[in-house]
Amino acid sequence: MRPDEKRLHRLLLKLVDHPQVLLPDGRDGYIGQIDGQPAIRLPAKLAGLALTRGLLLSDQKGSLVASDALPHWLRRMDGARGSAVEAQTPFAAQHWVLEEREIFDVDGDLIVVQANVAESPLLWLYRQRDAAGDRFLSGAEFAAGEKFRRDYAASAMGRMAASNWSAVRQGGSARRSASADGGMLSGSLDARRRVMQALAALGPVLDRVVFSMLVREQGISALERGHHWPKRSGKVVLKIALTHLVHHYGL
Amino acid sequence: MNNEYIYRRNTDEARARLTRALVCFTFNVKENDLAAATRRNAKVAFARQIAMYLAHVAFELSLSRVASAFGRDRTTVSHACHLIEDRRDDPGFDLQLEGLERVLRELPEPQWQTVG
């Protein structure tokens, strides 16, 4: 990253917290005020850079305002300093919502990976709108699906056979970690009970639908092929399953 | 060489002296060490990088003008600017440099007689 870009990033970050206009300072640069005090000085060179990148727009009076592209650029710049994957694909990474997840790798070891929550099948389906602009899933149905997914993650059933040795490694704080694990255990048992009750309430076919969509995060078309359902029928089945979940959770 | 060039060069060097003095005052290093042709120790080298960065940022001099004012190579100044810009991710250091930047910016423009 060029130092100019980095400087621009640092200066424009302040602008986001205090939305405002930058006024010309009479020396080709621009001044931004925070709480009545001049706080940001954008030299002519950096202002030119921001204008050519479309991060700032000049209005009729010759002052600068933030453009719609600015937040996206800031996200990309943050990504460039983030993980290696984000740095490699900054334009894709600006749309990610990353979350840590524990999965088994090919050797059967439990590893922690970064998952992009923004591309879960449920969220994707929730984002879809028909021609009239209505959502296919209601907010309650989406919330029920998310609740099920969270419960499953908390129940730690995905790693039923694995022992948790992380507390042992920490050494020194043995007593504290023991109590923390005890708390986690009862929490995960509760979550597990909720998952089992929800699956029981769904019944024999719909429980599989919910499981493969929300836990395994398989696509809808894979589900349709697996059950030999007609094309584009999967999301209707999923909606029925989610409606059952809404009733079960009482949302 | 025309007068304007000499004038610019003189004011650039004066700005470099001023920046060095400010950095020496703030970071407790000797001005002789900072202006030396050799690196000296890490503390001095870091202070020199701060001085070159400040001259570039606060006076808006190009990298090559900073380089000739400090008697260093252009790429040395570029490296210093990269390094200091990265260090400014640390909020404490950022605040400190912001203060120094402001001090240098608020100074009046030099009003010298053009050298004959």
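Every value quoted in this text rests on a predicted model; they were computed, and no experiment measured them.

Right, let's get into the pattern of salt bridges. In this structure the tally under the stated criterion is 18 salt bridges over all chains. Of the charged contacts in the structure, one is a salt bridge between Asp33(B) and Arg40(B), with a shortest N-O distance of 2.7 Å. The partner of Asp94(B) in a salt bridge is Arg88(B), with the nearest N and O atoms 2.8 Å apart. Judged by its relative accessible area of 12%, Asp94(B) falls in the buried class. Residue Arg88(B) is classed as buried on the basis of its relative accessible area of 3%. Through salt bridges with shared partners, a single ionic network connects Arg10(A), Glu85(B), Arg88(B), Asp94(B), Glu101(B) and Arg105(B).

Residues and elements named next belong to chain A. Two elements in contact, helix 7 (residues 139–155) and helix 12 (residues 234–249), have axes separated by 8 Å at closest approach and are oriented at 80 degrees. In terms of orientation, helix 7 and helix 12 fall into the roughly perpendicular class. Here Ala140, Glu141, Ala144, Gly145, Lys147, Phe148 and Asp151 of helix 7 lie close against helix 12, whose contacting residues are Lys239, Leu242, Thr243, Leu245, Val246 and Tyr249. Split into classes, the residues belonging to the contact of helix 7 with helix 12 amount to seven nonpolar, two polar and four charged.

If pLDDT is low for a region, its predicted coordinates should not be looked at in detail. Per-residue confidence for chain B gives a mean pLDDT of 90, with 97% of residues at or over 70. Under the prediction, the complex receives an ipTM of 0.74, its pTM being 0.63.

Next up on the list: the pairing of strand 6 (residues 98–104) of chain A. Residues and elements named next belong to chain A. One ladder, built from seven bridges, connects strand 6 with strand 7 (residues 110–116); its direction is antiparallel. Within the sheet, the bridge partner assigned to isoleucine 103 lies in strand 7 and is isoleucine 111. Two successive antiparallel strands, strand 6 and strand 7, enclose a turn made up of five residues, where glycine 108 displays a positive phi of approximately 85 degrees.

Our focus in this paragraph is the side chain of Asn116(A). Residue and element names in this part refer to chain A. Of note, asparagine 116 is situated in strand 7. Overall, the relative accessible area of 16% leaves asparagine 116 in the buried class. Within the structure, asparagine 116 has its side chain in polar contact with the backbone nitrogen of valine 97 (distance 3.0 Å). Residues contacting asparagine 116, with those up to four places away along its chain left out, are Trp96, Val97 and Leu98.

Turning next to helix 5 (residues 74–87) of chain B. Taking 1.5 Å per residue as the helical rise, helix 5 of chain B with its 14 residues ought to reach 20 Å, and the 20 Å between its terminal C-alpha atoms agrees with that figure. Turning to helix 5 of chain B, its buried residues are Val77(B), Ala80(B), Cys81(B), Ile84(B) and Glu85(B). Along the axis of helix 5 of chain B, the buried positions cluster into a sector of 125 degrees, meaning they face one direction only. Structurally, helix 5 of chain B contributes buried residues whose contacts are with helix 1 (3–17) of chain A together with helix 3 (42–58), helix 4 (63–70) and helix 6 (91–106) of chain B.

Our next topic: the interface of chain A and chain B. Taken together, the contacts link 14 residues of chain A with 15 residues of chain B. Taken together, the two surfaces of chain A and chain B that pack against each other cover about 1,100 Å², and 38% of this comes from carbon and sulfur. Interface area lost by chain A to chain B is led by Lys6(A), Arg7(A) and Arg10(A), which between them contribute 44%. Counting across the chain A and chain B interface gives five salt bridges. Here Asp94(B) ties to Arg10(A) by a salt bridge, and the two come within 3.4 Å at their closest N and O atoms. Residue assignment for the side of chain A that touches chain B shows that the elements contributing at least two residues are helix 1 and helix 2 (44–52) of chain A. Considering every element that reaches the side of chain A that touches chain B, the biggest residue donor is helix 1 of chain A, with six residues.

What follows covers the sheet that holds strand 2 (residues 30–34) of chain A. The strands making up a sheet are joined through hydrogen bonds of the backbone, oriented either antiparallel or parallel. Residue and element names in this part refer to chain A. Strand order across the open sheet formed by three strands is 1-2-3, with antiparallel pairing between neighbours. A single partner strand is all that each edge strand has here, and the edge strands are strand 1 (23–24) and strand 3 (37–42). Across two bridges, strand 1 lies against strand 2 in antiparallel orientation. Across the sheet, the residue bridging to proline 24 is tyrosine 30, located in strand 2.

Parameters at a glance
- All residue numbers here refer to positions counted from 1 along the written sequence of the relevant chain.
- Lettering of chains starts at A and numbering of ligands starts at 1, both following the order in which they are written.
- Restriction of local features to residues with pLDDT of at least 70 applies here, the model being predicted, together with a cutoff of 80 or more for giving and counting side-chain atom pairs; totals for whole chains, interfaces and linings are based on all residues.
- Excluding hydrogens and water, the side-chain figures rest on all heavy atoms present in the structure.
- By definition here, a salt bridge exists when the distance from a side-chain nitrogen of Lys or Arg to a carboxyl oxygen of Asp or Glu is within 4 Å.
- Note on classification: 1.4 Å probe, protein chains only; a residue is buried when its accessible area is under 20% of the maximum for its type, exposed when over 50%, partly exposed between these limits.
- Only the contacting stretch of a helix is used when fitting its axis, a line to C-alpha atoms as for every element, and angles between N-to-C directions run 0 to 180 degrees.
- In this description a helix means any DSSP run of H or I spanning at least four residues, a strand means any run of E spanning at least two, and both kinds are numbered starting from the N terminus.
- Any angle that falls under 35 degrees is termed roughly parallel, while one over 145 is termed roughly antiparallel, one within 65 to 115 roughly perpendicular, and all others oblique.
- Contacts were defined at the residue level, with two residues in contact if any of their heavy atoms lie within 4.5 Å.
- Only Asp, Glu, Lys and Arg are considered charged in this grouping, and only Ala, Val, Leu, Ile, Met, Phe, Trp, Tyr, Cys and Pro are considered nonpolar; every other residue, Gly among them, is considered polar.
- Every residue is assigned a pLDDT by the predictor, reflecting its confidence on a scale from 0 to 100.
- Pairing between strands requires that DSSP locate at least two bridges from one strand to the other.
- Polar contact is the term for a pair of N or O atoms within 3.5 Å; when the atoms are in protein, one must be able to donate a hydrogen and the other to accept it, and sequence-neighboring residues count only if both atoms are side-chain atoms.
- Here the expected span of a helix is defined as 1.5 Å times the quantity of residues minus one.
- By construction, the arc corresponds to the directions joining the helix axis to the C-beta atoms.
- Each of two parts loses accessible area, computed with a 1.4 Å probe, when they are put together; buried area is these two losses added.

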